[in-house]
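Secondary and tertiary structure notes
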Amino acid sequence: MTPSLPAMLAVMTAAALFCRFAGFLAMRFLPPSARLDAALKATPLAVMAGITAQALAAGGLVEALALSAAMVLSVTTRNDVGAAVAGVAVAAGLRALGL
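Residues numbered from 1 in each chain as written. Predicted model: local features only at pLDDT ≥ 70, side-chain atom pairs only at ≥ 80, totals over all residues. Heavy atoms only, no water.

With that settled, the discussion passes to the overall build of the protein chain. Within the protein chain, the secondary structure is distributed over four helices and zero strands. N-terminal to C-terminal, the α/β element order of the protein chain is α-α-α-α. Its C-alpha atoms give the protein chain principal-axis dimensions of about 55 × 40 × 20 Å. Accessible area for the protein chain stands at about 7,800 Å²; split by element, carbon and sulfur atoms hold 76% of it. (Helix = DSSP H or I, 4+ residues; strand = E, 2+ residues; numbered from the N terminus. Areas by Shrake-Rupley, 256 points an atom, 1.4 Å probe, with all protein chains shown as cover.)

Structural data, given as structure tokens:
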């Protein structure tokens with residue numbers, strides 16, 4: 001663990017809490033609409049795509065295989081959380097094998 005890790009975690013926690021509270025307050029003033037509903041449903045996918053794109057760009061074969069496994073499982077099982085956990089397990093397994 002690096003010395004800056006606790007500070008980074010604290011900042012990320014504060015940012016996440018701020019976003020949640022700001023979102024809650026903003027939703028009190030925005031009228032419900034089909035467009036807003038579509039935007040809110042697309043947000044988790046956009047966040048996950050940004051995270052995986054960075055991991056794939058910085059990584060190599062292990063990350064590509066883990067992401068591929070997660071995508072296949074997500075499409076076949078329709079369980080995003082299970083697919084993400086399986087992707088992490090694939091990456092950990094490949095790292096344990098020395099890749």
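Here the narrative resumes, following the displayed structure.
Take the environment of alanine 39 next. Along the chain, the position of alanine 39 falls in helix H2 (residues 34-58). When its relative accessible area of 42% is taken as the criterion, alanine 39 is described as partly exposed. As for alanine 39 and cysteine 19, which are separated by 20 residues in sequence, their C-alpha atoms are 16 Å apart. (Buried < 20%, exposed > 50% of the residue type's maximum accessible area, 1.4 Å probe, protein only.)

On to the confidence of the model for the protein chain. Put simply, the protein chain has an average pLDDT of 86, and 99% of its residues get 70 or more. Here H2 stands out as the element of the protein chain with the lowest mean pLDDT, 81, in contrast to helix H4 (residues 80-96), whose mean of 91 is the highest. (pLDDT = per-residue confidence, 0-100.)

This next bit is on helix H3 (residues 61-77). Residues lying three or four places apart along an α-helix face the same way, a consequence of the helix completing one turn every 3.6 residues. Its 17 residues place the ends of H3 24 Å apart at the C-alpha level, agreeing with the 24 Å of an ideal helix rising 1.5 Å per residue. Taken together, the buried positions of H3 are Val62, Ala66, Leu67, Ala70 and Ser74. Looking down the long axis of H3, one finds its buried residues gathered within 125 degrees of arc, a one-sided arrangement. In H3, the exposed positions that point more than 90 degrees away from the buried face belong to Leu61, Met71, Val72, Val75 and Thr76. Residues of H3 that are buried sit in contact with H2 and H4. (Expected span 1.5 Å × (residues − 1). Arc of directions from axis to C-beta. Contact = heavy atoms within 4.5 Å.)

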